[in-house]
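An overview of the molecular structure
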Amino acid sequence: MENKKEKLLIDFNKAFASGNNQFMLDHITKDFHWIMIGKKEVKGKESFAEELLEMESHVTDDLELVDVISHGNKGCVNGNMKIKTPNGESLSFSFCDVYEFCQAGDKIAKMTTYVIDR
């Protein structure tokens, strides 16, 4: 049985996969920081919203959450995802997201993403 933070991480990942941008924006801090290892960094809620809009044209075919873990103000989700790009190309990858919650623990302050093609 998942705890409150693990439930938030599950819902956050499902929102990401389904394009529910509003849910994600409602559950991050104003100074949210997203680090995509080897790719780029996004700082701030507004910048994250812009990044989400750029990704709207990708369609998720499959999302598998393998592990969802939280402890204190940290959390981690690893899994697999298949998406279709706007030009119809299918991509399959595995990911691990490491999260840091704000002091109150009800919002995500930082996310570090590791992705590998499958």
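An account of the accompanying structure is given in this report. These figures come from a predicted structure and were not determined experimentally. (Residues numbered from 1 in each chain as written. Predicted model: local features only at pLDDT ≥ 70, side-chain atom pairs only at ≥ 80, totals over all residues. Heavy atoms only, no water.)

Thoughts on the side chain of Ser70
Checked against the element boundaries, Ser70 lands in strand β3 (residues 59-71). Here the side chain of Ser70 touches Asn3 through a polar contact of 2.9 Å, side chain to side chain. Dropping the residues within four chain positions of it, Ser70 is found in contact with Asn3, Lys5, Glu6 and Gly75. (Helix = DSSP H or I, 4+ residues; strand = E, 2+ residues; numbered from the N terminus. Polar contact = N/O pair within 3.5 Å; in protein donor to acceptor, adjacent residues only side chain to side chain. Contact = heavy atoms within 4.5 Å.)

Regarding the packing of aromatic side chains
On inspection of all chains with the given rule, the structure shows 4 aromatic pairs. Centroid distance Phe12 to Tyr99: 6.1 Å. Interplanar angle 85°. Geometry classified as edge-to-face. In this pair, Phe12 is assigned in helix α1 (residues 4-18) and Tyr99 in strand β5 (residues 90-101), connecting sequence segments 87 residues apart. Considered together, Phe12 and Tyr99 belong to a single accessibility category, that of buried residues. For the ring pair Phe16 and Trp34, a centre distance of 6.3 Å and an interplane angle of 85° mean the geometry is edge-to-face. (Phe/Tyr/Trp six-rings, centres within 6.5 Å; stacked < 30°, edge-to-face > 60°. Buried < 20%, exposed > 50% of the residue type's maximum accessible area, 1.4 Å probe, protein only.)

What about a nonpolar patch on the surface?
A surface patch of nonpolar side chains, amounting to about 250 Å² of accessible area, comprises Ile37, Val98 and Tyr114. With respect to the helices and strands, the residue Ile37 is situated in the loop between β1 (28-36) and β2 (40-43). (Patch = residues over 30% accessible without salt bridge, like charges linked within 9 Å, V, L, I, M, F, W, Y side chains within 5 Å. Areas by Shrake-Rupley, 256 points an atom, 1.4 Å probe, with all protein chains shown as cover. Salt bridge = Lys/Arg side-chain N within 4 Å of Asp/Glu carboxyl O.)

A short note on the nonpolar core
Within the largest apolar cluster, 23 residues are counted, with the highest numbers of intra-cluster contacts made by Phe12, Ile28, Phe32, Trp34, Phe48, Tyr99 and Ile108. Looking at which element gives the most residues to this core, the answer is α1, with 5 residues. Setting aside residues up to four positions removed in sequence, Phe32 forms contacts with Val42, Lys43, Gly44, Lys45, Phe48, Ile108, Ala109, Lys110 and Met111. (Core = buried A, V, L, I, M, F, W, Y, C linked by side-chain atoms within 4.5 Å.)

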